Amino acid sequence: MRTATLSLLFAVVLGFASPVALAADPPPKGLWLTTDFPSATARAGEITTIRLKLQNSGLPPEVAALSVSGVPEGWKVDLLGGGQPVTAAMPPSNDSVTLSLRVEAPAKSAAGSYPIVVHAKTASASADLPMTLSVGTGLAAKLAVKVKLPELRGNPKSNFDFQFTVTNESGKDLVVRFGADTQKGFTSTFSEAYGTNELSSIPIEAGQSKDLKVSFKPPRDVAAGSYPARIRVEAEGASDQTQVTMLIQGQPTLRLAGKDGRLSGEAEAGKPSPLTLVVSNDGTAAAEEIEINGTVPQNWKVDFSPKTIDKLGPGEKKDVVATITPFNKALAGDYQSTMRVTAKGDSASSDFRITVTTSTLWGIVGVGIIAVALLVLVGAVARFGRR
Amino acid sequence: MQREGSPFTGVGAVFLKEYADHLSSVRMRVLELLVVAIGVVIVAFAIVNMRETVTRDEFLFLNLFLYQREGSIVPSLLGVLAILIPLMAIGLGFDSVNSEFNRRTMSRILAQPIYRDALLLGKFLAGLCTLSTGLIALWLLIVGAALITMGVPPSGEEVARSIAFLFVAIAFAGVWLAIAMLFSVMFRSAATSALCALGLWLFMTLVWPIMVEVLAPMLATPDPLAARLGLPSDSQVDWYLGLARVSPASLFGDASMAVLQPDPNMTRIPTIGMLGQLQGMVRGGALPLNQSLLLAWPQITALIAAVIVVFAIAYVAFQRQEVRA
């Protein structure tokens, strides 16, 4: 002891903890059976496992017979080594063997304390471990769910990602299932907080917590408003839930199409011809200050009536007449033009194919030329006709 | 002496006799054999090659008329017809009037109740019908051969377009028939007439295109922008096309291409001015039939008007001639 105290003092003075100094204290010789918690709780009807350690200190390795005494009637208590029931162990010199005490209390066992003793006996030494097994209510399975940001704001096109933490506040590992209660049309997807795998359940060890994420996608035509949703977590005998809220703002969604869905039109070179467009708002909020413009080939003209629309409520439609004047020297064929509507917050465009036809005037001129040629012939026949 | 009654008296008789003579003559046999044999060879060549190409055209049938393998000396059917049709027409028409003089049968015919008007018109119509017969036979052969070998029936538009082409070809034949008959009226010697007609044909086919190539840049107003871009200027193209269209072969080629090639971008010569016109155009778009016909219409008009005018000149020349027994 004196040496040890001196060594410790020496170590403190030198400023470092010396394992050599600690090892200098010779361990007690003998065989010990130890456990961290000699007074354990067993739940009625369930299996409880307690870790034991058989320590051999300074003795030669010997076979140690293991036994348990004082087992209450109807209980099943086994010693396991490496997962298998064992009746003997052989700890090497200055080493230990880990054992498990598997206690299966009958479902009807009354509450109270039950003393048992675990024995280990070799030819030269023996060790006893008295333990107390209490049958009580135990710690019930309990889950807790916590959302980091319970209120999110967005538009009907956005995804609402809620990050939440599930904590297993019970004494055993649980497989936790998730679910979400949302309004009709919403879809929910659970995944790990920083993962992409879609989950429906996840195992959580006792006392641990997991970060998870739920992504809600509102239906496209959802009206503006506040939408609550509930996140549920469930495991065997435990559940929890929390409420989140999605604030959805309305958004205009513009669409531009031709009348009756046609995306083509005809125009004669150099002559204005009308093309009726339909501007519609499929969104959830009114579109304001809508401007209509178009891109047509060079030297073409395009004019809109009306040029702007002040307001177009959700679900409303409005006809716009585009007057397209192709270049007067445009060649017959199909031309591409793009019409565009722009409002605050949204825009839409459509490509139209304009078929340019040429004037039939020259066809009539051609017929006239042939007629003149025929007149010349008839004139010649009349003038020169002879026998 | 002024004619009494309708100038058409006896046209039917002259027409039927001449038509029968043409169809049974050895000359016609040779011409028909030439046309059919060459036509079939060209079409067979086109079909064999087209069967090997993987890309399928929307207008497969029309391609038969235009098909020419790149780098090959075998011309397209259109190119062959542009040479053969004038030959056939000259062959039928170069001695139609002067042979009657040479055989001393003209006065005998005119002694019948047949006017000169009717004689000339009947001869012209008989020649045109003979040529039409040959061309229709060739057209049917092509369609039939294509049906058998390619196994794809032509669409309605393709049939309409190829019939329009047939019409253009007949009008082209009419021009050269009228020219040949004009020479047969003008010259008493059949050899002179044939030589003149063939000479004119050779000039139009070989010499005129070269002259156009030389003349157009000389006559055109220079355009520095076009020269820098390496494109022909508008004025140059205008002169080029204007001069080239003096030749009936050029009119025939232009009209046929417009009718047979529904994609207008394949037939246009790009010019500097056209860059503005073509801007924004969707490539590869086929024109509808009526627009193609509108494109070809000036050329078709010119061909028909040329037939009438040349026939009118031949008529006037014939009427002013002395006919003696």
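Residues numbered from 1 in each chain as written. Chains lettered and ligands numbered in written order. Predicted model: local features only at pLDDT ≥ 70, side-chain atom pairs only at ≥ 80, totals over all residues.

Enquirer: How should the overall build of chain B be read in this particular structure?
Expert: Secondary structure assignment for chain B yields 14 helices and 0 strands. For chain B, the α and β elements follow one another from N to C terminus as α-α-α-α-α-α-α-α-α-α-α-α-α-α. The buried share of chain B, reckoned over its 325 residues, is 43%. Long-range contacts, defined as pairs at least 24 residues apart, comprise 83% of the intrachain contacts of chain B with a sequence gap of at least 6. (Helix = DSSP H or I, 4+ residues; strand = E, 2+ residues; numbered from the N terminus. Buried ≥ 20, exposed ≤ 12 C-beta atoms within 10 Å, placed from the backbone. Contact = placed C-beta atoms within 7 Å.)

Enquirer: What am I meant to see in the overall build of chain A here?
Expert: Broken down by element type, chain A carries 3 helices and 29 strands. The 387 residues of chain A split such that 23% are buried. In chain A, of all internal contacts separated by at least 6 residues, the share reaching a separation of at least 24 is 70%.

Enquirer: Explain the nonpolar core to me, please; I cannot follow it from the model alone.
Expert: For soluble globular proteins, nonpolar side chains are generally found buried alongside one another. Core analysis: the largest hydrophobic core is formed by 116 residues, its most contacted members being Ala173(B), Leu177(B), Ala178(B) and Leu303(B). It is helix H14 (residues 289-319) of chain B that contributes the most residues to this core, 18 residues altogether. When sequence neighbours within four positions are dropped, the list of residues in contact with Ala178(B) reads Phe124(B), Val307(B), Val310(B), Phe311(B) and Ala314(B). Core analysis: the second largest hydrophobic core is formed by 20 residues, Ile50(A), Leu99(A), Val103(A) and Leu133(A) among them. (Core = buried A, V, L, I, M, F, W, Y, C linked by C-beta atoms within 7 Å.)

Enquirer: Before we go on, may I ask you to explain the packing of helix H4 (residues 77-93) of chain B against helix H8 (residues 156-186) of chain B in this structure?
Expert: Think of two packed helices as two axes; the pair is described by the angle between the axes and how far apart they sit. Residues and elements named next belong to chain B. Across the interface, H4 lies against H8 with an axial gap of 8 Å and an inter-helix angle of 40°. At the point where H4 passes H8, the crossing takes the right-handed sense. Counted together, Leu81, Ile85, Pro86, Met88, Ala89, Ile90, Leu92 and Gly93 of H4 and Ala169, Phe172, Ala173, Trp176, Leu177, Ala180, Met181 and Ser184 of H8 form the full contact between these two elements. For the contact of H4 with H8, the per-class residue count stands at 14 nonpolar, 2 polar and no charged. (Axes fitted to C-alpha atoms, helices over the stretch in contact; angles between N-to-C directions. Left-handed = near helix turned anticlockwise from the far one by under 90°. Nonpolar A, V, L, I, M, F, W, Y, C, P; charged D, E, K, R; others polar.)

Enquirer: Honestly, the pairing of strand S19 (residues 225-235) of chain A in this entry has me stumped. Any pointers?
Expert: Remark: a regular strand shows side chains that alternate across the two faces of the sheet. Residues and elements named next belong to chain A. Taken together, the 5 bridges between strand S14 (residues 174-181) and S19 define a ladder with antiparallel strand orientation. Note that in S19 the partner of Gly179 across the bridge is Arg232. Relative to strand S20 (residues 238-248), S19 runs antiparallel, the two sharing 11 bridges. For Ile231, the partnering residue across the bridge sits in S20 and is Thr242. Between the end of S19 and the start of S20, which pair antiparallel, lie 2 residues, with Gly237 showing a positive phi angle near 80°. (Pairing = 2+ DSSP bridges.)

Enquirer: Could you clarify how one ought to interpret the sheet that holds strand S15 (residues 187-192) of chain A in this entry?
Expert: Sheet strands pair by backbone hydrogen bonding; their relative direction is either parallel or antiparallel. All names here are of chain A. An order of S11-S13-S18-S15-S16 is seen for the 5 strands of this open sheet, with the pairing classed as antiparallel. Because the sheet does not close on itself, it has two edges, and the strands there are strand S11 (143-147) and strand S16 (198-199). Sheet topology places strand S13 (residues 160-168) next to strand S18 (residues 209-217); 8 bridges connect them, and they run antiparallel. Counterpart to Phe160 in the pairing with S18 is Phe216.

Enquirer: I would appreciate a short explanation of the interface of chain B and chain A in the present structure.
Expert: The extent of an interface is frequently quoted as the accessible surface area lost upon association of the parts. The interface of chain B with chain A comprises 33 residues on the first partner and 33 residues on the second. Top element by residues in the side of chain B that touches chain A is H14(B). It accounts for 15 residues. Across the side of chain B that touches chain A, the residue classes tally to 20 nonpolar, 9 polar and 4 charged.

Enquirer: Where do I start with H8(B) in this structure?
Expert: In an α-helix, one full turn covers 3.6 residues, which means residues spaced three or four apart are oriented alike. Compared with the 45 Å implied by 1.5 Å per residue over 31 residues, the 45 Å span of H8(B) between its first and last C-alpha is a close match. Most of H8(B) is tucked away: 22 of the 31 residues are buried. (Expected span 1.5 Å × (residues − 1).)

Enquirer: Is there a simple way to think about the sheet that holds S19(A) in this case?
Expert: Residue and element names in this part refer to chain A. If you walk across this open sheet you meet the 5 strands as S12-S20-S19-S14-S17, and the pairing is mixed. Across the chains shown, the open sheet's two edge strands, defined by having one partner strand only, are strand S12 (151-154) and strand S17 (201-204). Averaged over all pairs of adjacent strands, the angle between strand axes in this sheet comes to 25°, irrespective of strand direction.

Enquirer: Help me out: how do you make sense of the confidence of the model for chain A in this one?
Expert: In low-pLDDT regions, the fine details of the predicted coordinates are not to be read closely. Of all residues in chain A, 91% attain a pLDDT of 70 or more, and the chain-wide mean is 83. In the predicted structure, residues 8-21 of chain A sits below a pLDDT of 50 and forms 6 contacts with residues beyond four places in sequence or in another chain. (pLDDT = per-residue confidence, 0-100.)

Enquirer: What is the right way to look at unusual backbone geometry in this model?
Expert: Trans peptide bonds make up the majority, and among non-glycine residues the majority have a negative phi. Residue and element names in this part refer to chain A. The omega angle of the peptide bond from Ser305 to Pro306 is 0°, so this bond is cis rather than trans. Inspection of the secondary structure assignment puts Pro306 in the loop between strand S25 (301-305) and strand S26 (308-312). Look at Asn299: it is not a glycine, yet its phi comes out positive at around 70°. Tracing the chain through its elements places Asn299 in the loop between strand S24 (287-295) and S25.

Enquirer: Is there a simple way to explain the packing of helix H7 (residues 116-150) of chain B against H14(B) in this structure?
Expert: All names here are of chain B. For the pair H7 and H14, interaxial distance at closest approach is 10 Å and the crossing angle is 140°. In terms of orientation, H7 lies oblique with respect to H14. H14 is crossed by H7, and the crossing has right-handed handedness. Of the residues in H14, those touching H7 at Arg116, Leu120 and Phe124 are Phe311, Ala314, Tyr315, Phe318 and Gln319. Taken together, the residues of the contact of H7 with H14 sort by class into 6 nonpolar, 1 polar and 1 charged. (Parallel < 35°, antiparallel > 145°, perpendicular 65-115°, else oblique.)

Enquirer: Would you explain the confidence of the model for chain B in this entry?
Expert: Within chain B, residue pLDDT values average 84, and 90% of them lie at 70 or more. Confidence metrics for the complex model read pTM 0.64 and ipTM 0.76.

Enquirer: Hey, could you run me through the environment of Pro252(A) in this one?
Expert: Looking at the element boundaries, Pro252(A) is found in the loop between S20 and strand S21 (254-258). Residues Pro252(A) and Gly315(A), 63 residues apart in the sequence, show an inter-C-alpha distance of 9.6 Å.

Enquirer: Please explain the environment of Leu120(B) as it appears in this structure.
Expert: Residue and element names in this part refer to chain B. Within the element layout of this structure, Leu120 appears in helix H7. Residue classification places Leu120 among the buried residues on the basis of 23 C-beta atoms within 10 Å. The spatial distance from the C-alpha of Leu120 to the C-alpha of Ser96 is 8.9 Å, given a sequence separation of 24 residues. Sequence-distant contacts of Leu120, that is, excluding residues within four places in its chain, are made with Ala314, Tyr315 and Phe318.

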